[in-house]
Amino acid sequence: MALPPSSLSMPPTNTSSNGPNPSNKPSQRPNYTLKYTLTGHTKAVSSVKFSADGNWIASSSADKSLKIWSAEDAKIERTITGHKMGISDVAWSHDSKLLVSGSDDKTLKIWDFSTGKCLKTLKGHSNYVFCCNFNPQSNLIVSGSFDESVKIWDVRNGKCLKTLPAHSDPVSAVNFNRDGSLIVSSSYDGLCRIWDTASGQCLKTLIDDDNPPVSFVKFSPNGKYILAATLDNTLKLWDYSKGKCLKTYTGHKNSKYCIFANFSVTGGKWIVCGSEDNMVYIWNLQTKEIVQKLEGHTDAVLCTACHPTKNIIASGSLENDKTIKIWMSDY
């Protein structure tokens, strides 16, 4: 039945500037509360990642192990060992079937999630492997190392396809954009660089006024922005095509460690980051205000991750704590 014309011209309700707008109240804050504490690692937790299907959490540790936990009930699923030294990073393939880990033993290892078996060992870096990620197609892995290079690897045969002479200091983070055509890397040399995956060419270098060490970097979910952490207690959101810093987030403590930062987009739009004062900080992405601080860890929080579809944060902490905490929010 056709709608009467009058109903088409009716102004929508709740659009007056002072009227309530429950679906998108700018004043809405998250209300994360601690749900689970995961124990088992015997040294610092270096990285936590949710699988793309949201079912699992992988954690890596200085204790040389990876652990897989259920995101649903936080129970341990399996412990994976094989690296000879501590592990700095872990990442999931986008079909949640494979994991890659980077270790101080200078190798990366590709693991089959279902069996916990090592499928490939990626050798070529000449110093600690500090960071790693799959591309969205999950046929490539990118890694960054204390040897100052970024390497691109073929997942199928484990061969190194390209070595990018990326930086003049250790590489702290590497990340593909959402179609896999670009890689961003960050380094203690104070630079963020954008690379063309196919050619290995450097397309852009982001430089700020002074150049404190860049301790973490990643693309935003839409691929238009880059979130970068520097060891002067600062997070910055960059429009990398313009080379312009759009937002600055402060209030947390980060002058020593490479701490992961995240975009949380399942509820409100937040920036989430650990801190050296043992807390997890959450900022409103737009207003840059701190909207929540999560207390509970007893050492610096090095790593955080956000669930792909639910308002869940996982956080992992250093040597005096060794736990992973799972937090949930309504917003």
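Residues numbered from 1 in each chain as written. Predicted model: local features only at pLDDT ≥ 70, side-chain atom pairs only at ≥ 80, totals over all residues. Heavy atoms only, no water.

## Overview of the nonpolar core
With 47 residues, the main nonpolar core has Ile 226, Leu 235, Tyr 249 and Ile 271 as its most contacted residues. Aside from chain neighbours lying at most four places away, what touches Tyr 249 is Leu 227, Asn 233, Thr 234, Leu 235, Leu 237, Ile 271, Trp 283, Asn 284, Leu 285 and Lys 288. (Core = buried A, V, L, I, M, F, W, Y, C linked by side-chain atoms within 4.5 Å. Buried < 20%, exposed > 50% of the residue type's maximum accessible area, 1.4 Å probe, protein only. Contact = heavy atoms within 4.5 Å.)

## Considerations on the side chain of Ser 47
Position of Ser 47 relative to the elements: it lies in strand β2 (residues 45-50). Look at Ser 47 and you get buried, because its relative accessible area is 0%. Side-chain polar atoms of Ser 47 contact the side chain of Asp 89, separated by 2.9 Å. Not counting residues up to four positions away in its chain, the partners in contact with Ser 47 are Ala 58, Ser 59, Ser 60, Ser 88, Asp 89, Val 90, Phe 260 and Cys 303. (Helix = DSSP H or I, 4+ residues; strand = E, 2+ residues; numbered from the N terminus. Polar contact = N/O pair within 3.5 Å; in protein donor to acceptor, adjacent residues only side chain to side chain.)

## Observations regarding the side chain of Asp 147
Looking at the element boundaries, Asp 147 is found in the loop between β11 (140-145) and β12 (150-154). For the buried Asp 147, which has no salt bridge, the nearest side chain bearing the opposite charge is Lys 151, at an N-O separation of 5.6 Å. Engagement of the side chain of Asp 147 in a polar contact is seen with the side chain of Ser 149, the distance being 2.8 Å. Ignoring any residue separated from it by four or fewer positions in sequence, one finds Asp 147 in contact with His 125, Ser 126 and Asn 127. (Lys, Arg positive; Asp, Glu negative; His and termini not counted. Salt bridge = Lys/Arg side-chain N within 4 Å of Asp/Glu carboxyl O.)

## A closer look at the confidence of the model for the chain
Averaged over every residue, the pLDDT of the chain is 93; residues scoring 70 or more account for 92%. Note that pLDDT drops below 50 for residues 1-23; the model gives that stretch three contacts with residues more than four away or on any other chain. (pLDDT = per-residue confidence, 0-100.)

## Considerations on the sheet that holds strand β23 (residues 270-274)
Strand order in this open sheet of four strands is β22-β23-β24-β25, and the pairing throughout is antiparallel. The outermost strands of the open sheet, each flanked by one partner alone, are β22 (261-264) and β25 (290-294). Neighbour-to-neighbour, the strand axes of the sheet open up by a mean angle of 20°, direction not taken into account. Here five bridges tie β23 to strand β24 (residues 280-284), and the two strands are oriented antiparallel to one another. Residue pairing across strands places Gly 274 opposite Val 280, the latter belonging to β24. (Pairing = 2+ DSSP bridges. Axes fitted to C-alpha atoms, helices over the stretch in contact; angles between N-to-C directions.)

## A look at the packing of aromatic side chains
Scanning the entire structure with this criterion turns up eight aromatic pairs. Judged by centre distance (5.5 Å) and plane angle (80°), the rings of Phe 219 and Tyr 240 are edge-to-face. In this pair, Phe 219 is assigned in strand β18 (residues 214-219) and Tyr 240 in the loop between β20 (234-239) and β21 (244-249), connecting sequence segments 21 residues apart. Look at Phe 219 and you get buried, because its relative accessible area is 5%. Among the aromatic residues, ring-to-ring pairing joins Trp 56, Trp 92 and Phe 113 into one connected group. Above the ring of Phe 113, the side-chain terminus of Arg 78 is found at 6.0 Å from the ring centroid. (Phe/Tyr/Trp six-rings, centres within 6.5 Å; stacked < 30°, edge-to-face > 60°. Lys NZ or Arg CZ within 6 Å of the ring centre and 35° of its normal.)

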